[in-house]
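Here is what each chain is made of, one letter per residue.
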Amino acid sequence: MINEVLNPWMLVALIAMALPLIIEWLFRRRRQRIPFPAMRYLMNPKKRRRIKLQDLILLLVRTVVPGVLVIALARPLLRPEAGRGTEQAPRHVVIVLDGTYSMGQSIGQTTAIDVGKSMAQDVVRGLPKETAVSLIYLGNRPDVLKERTTDRDSVHDAIGRIKVSDMAGRMADAVAEADKILANQGEMGEVYLISDLQRSTWSATPEDQRDPKALLAQLAQRHGTFVLDTGGASVFNAYLTRFEPKERVSAVGMENRYEIDIEAKNMPANGKLWLTLYADEDKAATTSASERKPGKLITRELTVADLPGGRATVVIPHTFVEPGEHLLRVELEGDGLPTDNQRYYLANVPANVEVLIVDPKHDAAATADPLISNSGHLRNAIAPRTPPGFDRLSPFAVNVRRPDEVLQLNLERFAVVVLANVGNLNDALVSRVEQYVGDGGNLLIFVGDAVTPYEYNTKLLKAGKGLLPCELESAVGLTPNDALSKSKATPSKAAELMHGLVFAASDPHPAVANVRQMTRQPAPPSISRWMPFKLNGKTGEFGRPVAYLSNKQPLACERTFGQGKVMLVGTSADAGWNYLVYTTEYLVLVQELLHWLIGEPDRGINLQIGQSFQQPVLLSSQYLLLRRPDYTKVRLAPAPQGNLWRVTYDQTDRQGIYEVDTSAEVMTRRRFAVNMAATEGDLTRVEPEAFRRELDQAGVHSWGPDKAIRRAVESRHSIKEYAWLFLWGVLGLLAIETLLATRFGRRRG
Amino acid sequence: MADQPSDSRHYFDPAVISQLKGLTVRARRVVEGVMLGMHKSPYRGISAEFAQHRSYVPGDDLRHLDWKVYAKSDRFYVKQFRQETSLACHFVVDASESMNYAGGGALSKFDYAATLAASFAHLVISQQDAVGLTLFAENVRTNLSAKSTFGHLSNMIATLENVTATGLTNVGGSLGPVAGYLKRRSLVVIVSDFLDDTEPFSFGLNRLRYDGHDVIVLHLADPHEQSFPFSGPSILEGHEKSGRLVCDPRDLREIYLEERKAHLEEIQTLCRGLHYDYQEISTAEPLDVALATLLHAREVLTGQRRTAFA
């Protein structure tokens, strides 16, 4: 509204509005008296009322004309609130652009982020030249791209370069950041928040109780605050929340089952989704046309029926035929927001996962039955023979050596070292194994007749500082043959002689969680002799129990040592102390223990957005170049850590593959995949009417996508003179007066 | 007479007539104007007048046989005569307050009406016809029965001279008593400005119609009443307690003329329905128009009555 006039003294002339009234009054004073007999023709009340009304209308119009003329001569101005003096005072305008990944949703032929960018450009265009502008981009966190600059071109440029983020964000952070910027200046400003009004961005969460609307209300008390809605509907969006192999440890030729968790929101009844797995796309792109190995494509079509409750887990098998690092990508198509429709997985697939069994009885040249040795059954359990025509059953390859040969081996290439009833430990062997485990190797210990508790406790436990996760005690129980014959003689004591394996019911150790599901419960009694152990000592807890005998005594325990893990099984790996080796549970148990010990070798290179990447650098301490998925490059400076150099990178704000530009000799894992957390997958918007009402009550203006933003901003910031409008108004009123007077018969020649 | 203009209409000009004192003089002057140039009056006395011959048929009165024609043509013809009857003309003149108005004319409406009545009475009595007069306002104020003597004419003129127009107009209410006064079928001339409601007037006319009277309605209007020419801020003060209005008359002119036209049309429709003559006469117009209307009506009426052959 008009809030100022240039010549306020002219307003005194508004008294001229009384002129028509005075003229009317003067004329009435000079009335003549006319005797007239035919008054009956003039006394129709209806027509006289009409005449009086016409007179009133004309008098009103005639009264308004001089008023409007005076206002025109006073030169009315429309001046923005912050305007001072005759010139437009510069003000500080903060533009907050929601760049969270929900802004990638389609709106007609364009996307919400493009609409938002266009709105931001319009705001800047509508501002006077000297206005200071700050630009905040809300990705995962608010990022101030421009702060208090009057260079509009640079602001336009910055807006133009904005891309939708791969992360979710909180509008409360952006509002707080805008408040902070304006508070620093201590002057009145304006804040324009451009967003798709997605509920997750605009709502408080259990972790962050701040309500963006309340913050906006506080902001609006000090500064002009506007929320610009980019529009959009609660569109159908499907997204991937997980893409992982079921088998964390794999090898060439082994079928891997990849689990893909899909969630869909607002899926129409006839909606369809297509899920495609791409393997080794990078290699297909880099190899020559003649050797091109296109990424393997496996596509699944999903309908509403496949997604009960809007969720589904799809399992897609894939078998690698070559060793090395493989890139897998899964992509979903058919919804309104493509940003959250893909996930990556980098898998390092060796030809074999090497396991070393240290067996004192091993004789490589022996032609006798290998089952006679300590490790015969164990060897079969670790690497079972694959029947012809079947996929490979186990990723492991076993290497059996005597203890004296171990010192000549490079243990680094073995994923797990198994000590199978190894007695007479020499210090060199112990030291070698300790170094191996400390550097990240894994050790599995089976006891037996050759194992002396005292020796183990002394050389391996070392009062809790060594490898051993428990303090061993003397073996108890009978050999399986004796126990079996005795239990046949006295069946009532059979339960005391032979014990089955028990895994904790409610909270089983992760190493045996799958075993419990995959084997018979209760397990058949098969263990007759075992070596009890204590898990606690004077210095505290040595390790954690993993599995128990049916007499509730722990049979297996584990601990971490350095960067590696150690597990001890309190019975023999062969048939000397148990019949376990003859049961199917034995194979499952050994496989699962090995898998657990090895863990997730690819975990460090398959990250979520926001997680940091950390890898050792082997040769060089020089800067390394990291290529990001958005084609930008970052220099990484290795930092010393222990006897190694490590690089750390925590700005993982884009989904995709990050690659350090170096050789395998410098870094073993040079690539890492970053996937987004699909927390904004539900594109449901806040209820617009209620939201707008709330904002209005808080004094926050809300503009929809159909608002002419540039013009609205211009009108707020530029001084406009409206004298011409009032002059036209005078002419218009005069025309109306003439028209009415003629129509009413008051215009006489 | 040498100073008088040759135009005979000069005698009927109200501006001229208004200069004359006394209704008798005025009436005589008007009558002179009427008689000027008449070489042969159509009114030849009251005796029976020959009309035509027709062949004799058995049964005819032999007294009417024209022997002279028989002598000449040897055929029997009977002489027929037109029978003359005396005309009774009765003036009903409005003497209410509104008739005093003389806004745009030289004569007030009442003066104009009185002059007209006296002039016509003078003419009629000269022809040995009878003339009566009723003056009314809210009620009948004076009634003079129709007579054909010059003494009665003087009496009638004196009555018209001595009356003052005052009181409310009630045309319809006055016609009832007038119908009671008339003993035989007459020509009733109603002279009024008719600033009254039409419905009672309608009843009055119907009563006269029922009694078989012929009626001429002369609607007198002042030129100011006809054109409503006033302008400027004014206070219009009505006659006969019709109110007071503060206005600019220019604003009301259109409405006034519309309302007046509607009222006149109402009266005209009423008269047309009863086959009565209606004539609106401005007081600015020469009296001959009104007189001609009356004379024409008299001639028609007397002609009609003389068609009854003896």
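Model, not experiment: these values are computed from the prediction. (Residues numbered from 1 in each chain as written. Chains lettered and ligands numbered in written order. Predicted model: local features only at pLDDT ≥ 70, side-chain atom pairs only at ≥ 80, totals over all residues.)

The helix and strand inventory of chain B stands at ten helices and ten strands. Burial status across chain B gives 37% buried among its 310 residues. Within chain B, contacts between residues at least 6 apart in sequence are counted, and of these 75% link residues at least 24 apart. (Helix = DSSP H or I, 4+ residues; strand = E, 2+ residues; numbered from the N terminus. Buried ≥ 20, exposed ≤ 12 C-beta atoms within 10 Å, placed from the backbone. Contact = placed C-beta atoms within 7 Å.)

We now examine the overall build of chain A. Scanning chain A from N- to C-terminus turns up 19 helices and 41 strands. In chain A, which comprises 749 residues, the proportion classed as buried is 38%.

Let us look at the interface of chain A and chain B. Listed as interface residues are 22 residues of chain A and, on the opposing side, 27 residues of chain B. Secondary-structure elements contributing two or more residues to the side of chain A that touches chain B are helix H1 (19-29), strand E2 (32-36) and helix H2 (45-73) of chain A. Ranked by the residues each element gives to the side of chain A that touches chain B, the list is headed by E2(A), at five residues. The class makeup of the residues in the side of chain A that touches chain B is eleven nonpolar, three polar and eight charged. (Nonpolar A, V, L, I, M, F, W, Y, C, P; charged D, E, K, R; others polar.)

We now examine the sheet that holds strand E33 (residues 613-617) of chain A. All names here are of chain A. Read across the open sheet, the three strands follow the order E33-E37-E36; overall the sheet is antiparallel. If you trace the sheet from one side to the other, it starts and ends with E33 and strand E36 (639-641), each paired once. On average, adjacent strands in this sheet sit at an angle of 40° to one another, irrespective of strand direction. One ladder, built from five bridges, connects E33 with strand E37 (residues 644-649); its direction is antiparallel. Bridge assignment links Val617 to a residue of E37, and that residue is Trp645. (Pairing = 2+ DSSP bridges. Axes fitted to C-alpha atoms, helices over the stretch in contact; angles between N-to-C directions.)

Looking now at helix H4 (residues 109-126) of chain B. Residues and elements named next belong to chain B. With 18 residues, H4 extends 26 Å from end C-alpha to end C-alpha; this agrees with the ideal 26 Å at 1.5 Å per step. Of all 18 residues that make up H4, 17 are buried, and the element is covered over most of its length. Positioned one or two residues after H4, Gln128 has a phi angle of 65°, which is positive. (Expected span 1.5 Å × (residues − 1).)

Time to look at the sheet that holds strand E10 (residues 224-229) of chain A. All names here are of chain A. Pairing in this open sheet of six strands is mixed, and the strands run E8-E7-E4-E9-E10-E40 from one edge to the other. Of all the strands in the sheet, the pair left with one neighbour each is strand E8 (142-149) and strand E40 (701-703). Sheet twist, expressed as the average angle between the axes of neighbouring strands with direction ignored, equals 15°. Bridge count between strand E4 (residues 92-98) and strand E9 (residues 189-195): six bridges; the pairing is parallel. Bridging from a neighbouring strand, Val93 pairs with Glu190 of E9.

What follows deals with the environment of A:Thr652. Residues and elements named next belong to chain A. With respect to the helices, strands and loops of the structure, Thr652 is situated in the loop between E37 and strand E38 (656-660). Here Thr652 falls in the buried class, since 25 other C-beta atoms lie within 10 Å of it. The spatial distance from the C-alpha of Thr652 to the C-alpha of Gln611 is 6.5 Å, given a sequence separation of 41 residues.

Our next topic: the pairing of E8(A). All names here are of chain A. Note: strand E7 (residues 132-138) against E8, five bridges, orientation antiparallel. Within E8, the position partnered with Ile136 by the bridge is Val144. Linking E7 to E8, which pair antiparallel, is a turn of three residues.

Bringing helix H5 (residues 150-162) of chain B into the picture now. All names here are of chain B. In this model H5 runs 18 Å from its N-terminal to its C-terminal C-alpha over 13 residues, within 8% of the 18 Å that 1.5 Å per residue would give. Regarding H5, the residues found buried are Leu153, Met156, Ile157, Thr159 and Leu160. The buried residues of H5 occupy an angular sector of 155° when projected down its axis, which confines them to one face. Residues Gly151, Ser154, Ala158 and Asn162 are exposed on H5 and point more than 90 degrees away from its buried face. (Arc of directions from axis to C-beta.)

Helices that pack against each other are described as a pair by the angle of their axes relative to one another and the distance between those axes. Residues and elements named next belong to chain B. At a minimum axis separation of 10 Å, H4 and H5 run at an interaxial angle of 180°. When the interaxial angle is binned, H4 and H5 end up roughly antiparallel. Of the residues in H5, those touching H4 at Ala114, Ala117, Ala118, Ala121, His122 and Ile125 are Phe150, Leu153, Met156, Ile157 and Leu160. Grouping the constituent residues of the contact of H4 with H5 by class yields ten nonpolar, one polar and no charged. (Parallel < 35°, antiparallel > 145°, perpendicular 65-115°, else oblique.)

Our focus in this paragraph is the environment of B:Glu225. Looking at the secondary structure, you find B:Glu225 in helix H8 (residues 223-227). It is 9.5 Å that separates the C-alpha atoms of B:Glu225 and B:Tyr101, two residues lying 124 residues apart in sequence.

Our focus in this paragraph is the confidence of the model for chain B. Residue and element names in this part refer to chain B. Overall, the prediction assigns chain B a mean pLDDT of 79, with 78% of residues at 70 or greater. The secondary structure element of chain B with the lowest average pLDDT is helix H2 (residues 23-35), at 59, and the one with the highest is strand E4 (residues 130-136), at 92. In this model residues 1-6 is a low-confidence stretch, pLDDT under 50, and it forms two contacts with partners more than four residues away in sequence or in other chains. For the stretch residues 37-47, pLDDT sits under 50, and the model shows five contacts to residues farther than four places along the chain or on other chains. Predicted complex, confidence summary: ipTM 0.76, pTM 0.58. (pLDDT = per-residue confidence, 0-100.)

A separate point is the packing of helix H3 (residues 112-126) of chain A against helix H18 (residues 709-717) of chain A. Residues and elements named next belong to chain A. The interhelical angle for the contact between H3 and H18, taken along N-to-C directions, is 30°, at an axis separation of 8 Å. Taken together, the axes of H3 and H18 are roughly parallel relative to one another. Note on packing geometry: the crossing formed by H3 with H18 is right-handed. Side by side, H3 and H18 meet where Met119, Asp122, Val123, Arg125 and Gly126 of the first sit next to Ile709, Arg710, Val713, Glu714 and His717 of the second. Among the residues making up the contact of H3 with H18, the classes are represented as four nonpolar, two polar and four charged. (Left-handed = near helix turned anticlockwise from the far one by under 90°.)

On average, residues of chain A score 86 in pLDDT, and 94% of them are at 70 or above. Note on residues 82-88 of chain A: pLDDT under 50 across the span, and eleven contacts to partners over four residues away in sequence or across chains.

Moving on, we come to the environment of A:Glu354. The topology assignment puts A:Glu354 in strand E18 (residues 353-358). Separated by 63 residues in the primary sequence, A:Glu354 and A:Val417 have C-alpha atoms spaced 9.0 Å apart.

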